[in-house]
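What follows is each chain in one-letter form.
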Amino acid sequence: MNHKNAAWFRRGIQNGTPIALGYFAVSFTLGIAAKNAGLTAWQGALASVTTVASAGEFAGFEVIAAGASYLEMAIMMLVINARYVLMSCSLSQKLDPDLPLFHRLVIGWGVTDEIFGVSVCVPDKLNPWYNYGMMAISIPAWTLGTFIGVAVGNVLPALVVNALSVGIYGMFLAIIIPPGRKNKVIAGLVAISMLASLGMAKLPVVSGISSGMRTILLTVVIAGIAAVLFPIQEEEEAHA
């Protein structure tokens with residue numbers, strides 16, 4: 001690892017530490033769900049380190065508890081986690097065109113909502129070692145939280161467990177507020193996205209759609225409209 005990559009890696013660890021703290025709290029409640037599904041602490045930890053997806057794992061543990069088939073599990077994981085395809089496609093536009101496929105695959109595996117939110121805020125090209133730094137601190141925290149949640153989660157009062165899961169929302173706010181304060185268009189789109197997400201979750205016609213599919217639909221529609229109404233000039237044109 002050269003000096004430049006090492007600097008990006010340290011920066012990724014620094015910026016990924018808040019993500020790790022939030023992950024530990026949320027995955028603690030995930031561990032309780034894993035235990036209720038009959039998994040051991042090691043099995044729950046293995047699921048977390050290989051999947052790295054909160055909604056997907058929660059749904060997966062429900063499928064395990066219900067004794068459903070592998071096919072049902074695969075379909076559910078595909079639908080719930082499909083939003084990561086959009087995130088990966090978006091991040092690929094920030095990577096160097098000559099970046100080897102191996103780095104692209106590793107970055108794609110480690111894409112989460114929070115890591116994506118931090119990565120897209122990086123100006124210019126995205127150094128893969130920045131993502132590796134965030135992954136190096138956040139994924140172990142996610143895995144450890146699941147392990148401890150399975151081991152001792154049911155010992156804690158329900159009020160404490162519910163309080164731990166709130167931390168992830170604070171982390172989301174920390175990601176979206178700074179760009180929103182700098183750009184009124186982004187602030188407006190964030191507000192519209194929140195209202196649209198709430199509407200789709202409550203309206204009878206669309207509330208039955210999975211959360212992952214709702215996220216994909218809202219992302220495509222809102223981002224598409226924003227791209228047409230508020231296009232961003234290419235860097236070459238901006239400096240022309």
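My aim in this report is to walk through the structure given alongside it, one point at a time.

Rules behind the numbers
- Just so you know, the residues in each chain are numbered from 1, in the order the chain's sequence is written.
- Predicted model: local features are reported for residues with pLDDT of at least 70 only, side-chain atom pairs are reported and counted for 80 or more only, and whole-chain, interface and lining totals are derived from all residues.
- Working from all heavy atoms in the structure, the side-chain values ignore hydrogens and water.
- Helix numbering and strand numbering both begin at the N terminus, where a helix is a DSSP run of H or I of at least 4 residues and a strand a DSSP run of E of at least 2.
- Partly exposed residues are those whose accessible area sits between 20% and 50% of the maximum for their type, while under 20% is buried and over 50% is exposed, using a 1.4 Å probe and protein chains only.
- Residues count as neighbours in contact if any of their non-hydrogen atoms are within 4.5 Å of one another.
- Here the Shrake-Rupley method, with its probe set to 1.4 Å, supplies the accessible areas, and only the displayed protein chains count as covering residues.
- All axes are obtained by fitting lines to C-alpha atoms, using only the stretch in contact for helices, and the reported angles, taken between N-to-C directions, cover 0 to 180 degrees.
- Roughly parallel refers to an angle under 35 degrees, roughly antiparallel to one over 145, roughly perpendicular to one between 65 and 115, and oblique to any angle outside these ranges.
- We call a crossing left-handed when the near helix sits turned anticlockwise from the far one by less than a right angle, and right-handed when that turn is clockwise.
- Just so you know the grouping, Ala, Val, Leu, Ile, Met, Phe, Trp, Tyr, Cys and Pro go in nonpolar, Asp, Glu, Lys and Arg go in charged, and all remaining residues, Gly too, go in polar.
- In what follows, salt bridge is the name for a side-chain nitrogen of Lys or Arg lying within 4 Å of a carboxyl oxygen of Asp or Glu.
- The span expected for a helix works out to 1.5 Å for each residue beyond the first.
- A residue's bend is simply the angle between two axes: one fitted to the seven residues ending at it, one to the seven starting at it.
- Definition of a polar contact: a pair of N or O atoms within 3.5 Å, with one able to donate and the other able to accept a hydrogen when the atoms are protein atoms, and with sequence-neighbouring residues admitted only if both atoms are side-chain atoms.
- Residue types Ala, Val, Leu, Ile, Met, Phe, Trp, Tyr and Cys, when buried and joined through side-chain atoms within 4.5 Å, form a set referred to as a nonpolar core.

**Concerning the overall build of the chain**
- Within the chain one finds 13 helices and zero strands.
- For the chain, the N- to C-terminal ordering of α and β elements is α-α-α-α-α-α-α-α-α-α-α-α-α.
- By the burial criterion, 38% of the 240 residues in the chain qualify as buried.
- Sequence-distant contacts in the chain: of pairs separated by 6 or more residues, those separated by 24 or more amount to 75%.
- By element, 70% of the accessible surface of the chain is carried by carbon and sulfur atoms, the whole surface being about 13800 Å².

**Some words on the packing of helix α6 (residues 101–109) against helix α8 (residues 128–152)**
- Running from amino to carboxyl end, α6 crosses α8 at an angle of 40°, the nearest separation of the two axes being 10 Å. Here α6 lies oblique to α8, going by the angle between them. Crossing hand, α6 versus α8: left-handed. In this structure, α6 contributes H103, V106, I107 and W109 to the contact, and α8 contributes P128, N131, Y132, M135 and I139.
- The residue makeup of the contact of α6 with α8, split by class, is seven nonpolar, two polar and no charged.

**Considering the environment of N15**
- When you line up the elements, N15 lands in helix α1 (residues 3–36).
- Under the relative-accessibility criterion, N15 is labelled partly exposed at 29%.
- Distance in space between the C-alpha atoms of N15 and S119 is 9.9 Å, their sequence separation being 104 residues.
- With residues near it in sequence (within four places) discarded, N15 still touches V118 and Y130.

**Observations regarding the pattern of salt bridges**
- Under the defined criterion, the tally for this structure stands at one salt bridge.
- The partner of D113 in a salt bridge is R83, and the shortest N-O contact between them spans 3.2 Å. Taken together, the residues span a long stretch of sequence, with D113 in helix α7 (residues 113–119) and R83 in helix α5 (residues 83–92) at a distance of 30 residues. Side by side, D113 and R83 carry an identical accessibility label, which is buried.

**Side note on α1**
- Helix length check: α1 (34 residues) gives 46 Å between terminal C-alpha atoms against 50 Å at 1.5 Å per residue, within 8%.
- Along α1, the sharpest kink reaches roughly 40°, centred on G16 and followed within four residues by the proline P18.
- Capping the start of α1 is the job of one residue whose side-chain oxygen sits 3.2 Å from the backbone nitrogen of K4: N2.
- Downstream of α1 by a residue or two, G38 has a phi angle that is positive, lying close to 95°.

**Description of the nonpolar core**
- Membership of the largest hydrophobic core comes to 32 residues, with the highest contact counts inside it found for F61 and Y130.
- Looking at this core, the elements that each hand over two or more residues are α1, α2 (41–51), α5, α7 and α8.
- Ranked by residues supplied to this core, first place goes to α8 with seven residues.
- Residue contacts for F61: discarding those within four places in its chain leaves L30, A33, A34, A37, L39 and A47.
- Ranked by size, the runner-up nonpolar core spans five residues in total, among them A59, V63, M77 and I80.

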